[in-house]
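One letter stands for each residue in the lines below.
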Amino acid sequence: MNDPTPDTGTPILEGNDLRKTYHLGRVKVPVLHGASISVNQGEWVAILGSSGSGKSTLLHLLAGLDRPDQDSGDVRYRGEKVELQDGGKTNHYRNRTIGFVFQFYHLLPELDVLENGMLANLVPRGRSAGVLVFIMALLGGVIGALMGFQAAGDWGLLPLEERTEIRSVVLAVACAIIGSGMMIAIFQGVQALWLKTRMRSGDAADVARSTLGDFGLEKRYQHRPRELSGGERQRVAIGRALGSNPDLLLADEPTGNLDERTGTEILDLLQEKHRAGLTIVMVTHDPKVASYADRVVRLRNGRVLQNEDADSVVDEMPTTDVLDETIG
Ligand SMILES: Nc1ncnc2c1ncn2[C@@H]1O[C@H](COP(=O)(O)OP(=O)(O)O)[C@@H](O)[C@H]1O
Ligand SMILES: [Mg+2]
């Protein structure tokens, strides 16, 4: 993971002139007006901004989870453009290259801790599953159509006096559709069984056990998310994000929903992973949280402002009143 190769000066991630406008009916909500950011390998960058300044929006664009405006610049990973249209490549970027941590954990409630932890490694690689479904559906369709013709003719499903070419074709098409549907259902059943087996025994389970174990969750594997504290949930979420061995971790207010002590635990955990080589981009409204990063940039008026040394940010800690206003 997190190849600790020295910083070569080539950005691992760039957002260039990113623009994003939301549309609420006829109302346009412009959020990003050309935000640019460049992150080097091995860096921990914090993007500091008040509530509603567009932090989540920017992070989603950087993660390939959302698309910038048409007149926008682009997102580049190791110099290569991340294209949302190119499903296979973007999926690989989202599922394997980066890990994403949400403020509200986004764990699946019906899965236990271990199953949640291995999700990133269970996502089918590339387009193989889609191609396989297509081939199975096609095969089912062809077999169904052949059986339909056979049924119309030799098996006498259509009595001789009612047998016309059109009716035989209609029967064959109906059988083709049924055949396709059955093949897709069989494929999905086998896939679900395979996932369940992999969840219990395969590499994904081993990776999840090792990551979640590192995070002190070994006694919680069989628990559902609702049975965990906020800090434990976030540890599962970070474990899940790191489960695919990503090069880069994007974290959206990873401590925003936690009390200070638990938040510090989570930040220490990120610090440990960062020291082992993980590149981190984190957004936060809290200068104290931002001060964990090597470098802090500010998001204001839809643009990324000056770079500054993280240590100086703590000096600017707003009063509690201001913090209450900016929570978000
Ligand atoms: N899907 C959406 N549709 C419309 N407006 C949105 C949407 N998502 C966010 N916004 C608006 O965009 C602005 C920035 O939101 P966001 O990126 O979530 O800010 P932050 O994470 O800094 O609090 C806010 O005014 C928010 O209301
Ligand atoms: Mg946000």
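Residues numbered from 1 in each chain as written. Chains lettered and ligands numbered in written order. Predicted model: local features only at pLDDT ≥ 70, side-chain atom pairs only at ≥ 80, totals over all residues.

1. Remarks on the site of ligand 1
Phase 1: Around ligand 1, the surrounding shell holds 13 residues, and the nearest of these are Y22, G52, K55, S56 and T57.
Phase 2: Elements with a minimum of two residues in the shell around ligand 1: strand 1 (11–24), strand 2 (27–40) and helix 1 (55–62).
Phase 3: Among the residues forming the shell around ligand 1, the class breakdown is 4 nonpolar, 8 polar and 1 charged. (Near = placed C-beta within 6 Å. Helix = DSSP H or I, 4+ residues; strand = E, 2+ residues; numbered from the N terminus. Nonpolar A, V, L, I, M, F, W, Y, C, P; charged D, E, K, R; others polar.)

2. Concerning the environment of A237
Phase 1: Looking at the secondary structure, you find A237 in helix 8 (residues 230–242).
Phase 2: With 25 C-beta atoms packed within 10 Å, A237 lands in the buried category.
Phase 3: The sequence separation of A237 and F104 amounts to 133 residues, and the corresponding C-alpha distance is 9.2 Å. (Buried ≥ 20, exposed ≤ 12 C-beta atoms within 10 Å, placed from the backbone.)

3. What about unusual backbone geometry?
Phase 1: Of note in this structure, Y105 is not a glycine but carries a positive phi near 65°.
Phase 2: Mapped onto the elements of the fold, Y105 is located in the loop between strand 6 (98–101) and helix 3 (113–117).
Phase 3: Not every positive phi belongs to a glycine, and N301 is a case in point at roughly 50°.
Phase 4: Structurally, N301 is set in the loop between strand 9 (295–300) and strand 10 (303–309).
Phase 5: Accessibility expressed as a C-beta count within 10 Å gives 11 for N301, which makes it exposed.

4. Let's talk about the environment of R200
Phase 1: The topology assignment puts R200 in helix 6 (residues 165–201).
Phase 2: Here R200 falls in the exposed class, since 11 other C-beta atoms lie within 10 Å of it.
Phase 3: As a C-alpha pair, R200 and L114 span 86 residues in sequence and 9.1 Å in three-dimensional space.

5. Considerations on the environment of S72
Phase 1: Residue position: S72 is located in the loop between helix 1 and strand 4 (75–77).
Phase 2: On a C-alpha basis, the gap between S72 and D17 in space is 6.3 Å, while along the polypeptide they are 55 residues apart.
Phase 3: With near-sequence residues (within four places) excluded, S72 lies in contact with D17, L18 and R19. (Contact = placed C-beta atoms within 7 Å.)

6. Things to note about the pairing of strand 6
Phase 1: Both faces of strand 6 are covered, namely the face carrying I98 and F100 and the face carrying G99 and V101.
Phase 2: By the bridge criterion, 4 bridges tie strand 6 to strand 7 (residues 248–252) in an arrangement that is parallel. Within strand 7, the residue paired with I98 across the bridge is L248. (Pairing = 2+ DSSP bridges.)

7. Structural notes on the nonpolar core
Nonpolar side chains in soluble globular proteins tend to be buried together.
Phase 1: Ranked by internal contacts, the top residues of the largest apolar core, which has 64 residues, are I47, L58, L62, L249 and L250.
Phase 2: Leaving out residues up to four positions away in the same chain, I47 has contacts with K55, L58, V283, V297, L299 and V304.
Phase 3: Core analysis: the next-biggest nonpolar cluster, separate from the first, contains 5 residues, A145, L171, C175 and A176 among them. (Core = buried A, V, L, I, M, F, W, Y, C linked by C-beta atoms within 7 Å.)

8. Side note on helix 8
Phase 1: Compared with the 18 Å implied by 1.5 Å per residue over 13 residues, the 18 Å span of helix 8 between its first and last C-alpha is a close match.
Phase 2: In terms of residue burial, helix 8 counts as a mostly covered element, since 11 of its 13 residues are buried.
Phase 3: If you check which residues of helix 8 are buried, you get G231, R233, Q234, R235, V236, A237, I238, G239, R240, A241 and L242. (Expected span 1.5 Å × (residues − 1).)

9. Re the sheet that holds strand 1
Phase 1: Sheet architecture is open: 4 strands sit in the order 2-1-4-5, paired in antiparallel fashion. Pairing within the sheet leaves two strands with one partner each, and these edge strands are strand 2 and strand 5 (80–81).
Phase 2: Here strand 1 pairs with strand 4 via 3 bridges, running antiparallel. Residue pairing in the sheet places L13 in a bridge with Y77 of strand 4.
Phase 3: Against the sheet, helix 1 touches strand 1, strand 2 and strand 4, its axis set at about 125° to strand 1. (Axes fitted to C-alpha atoms, helices over the stretch in contact; angles between N-to-C directions.)

10. A short note on the pairing of strand 2
Phase 1: Note that strand 1 and strand 2 share 11 bridges and pair antiparallel. Within strand 2, the residue paired with G15 across the bridge is I37.
Phase 2: Joining the antiparallel neighbours strand 1 and strand 2 is a turn of 2 residues, in which G25 adopts a positive phi near 60°.

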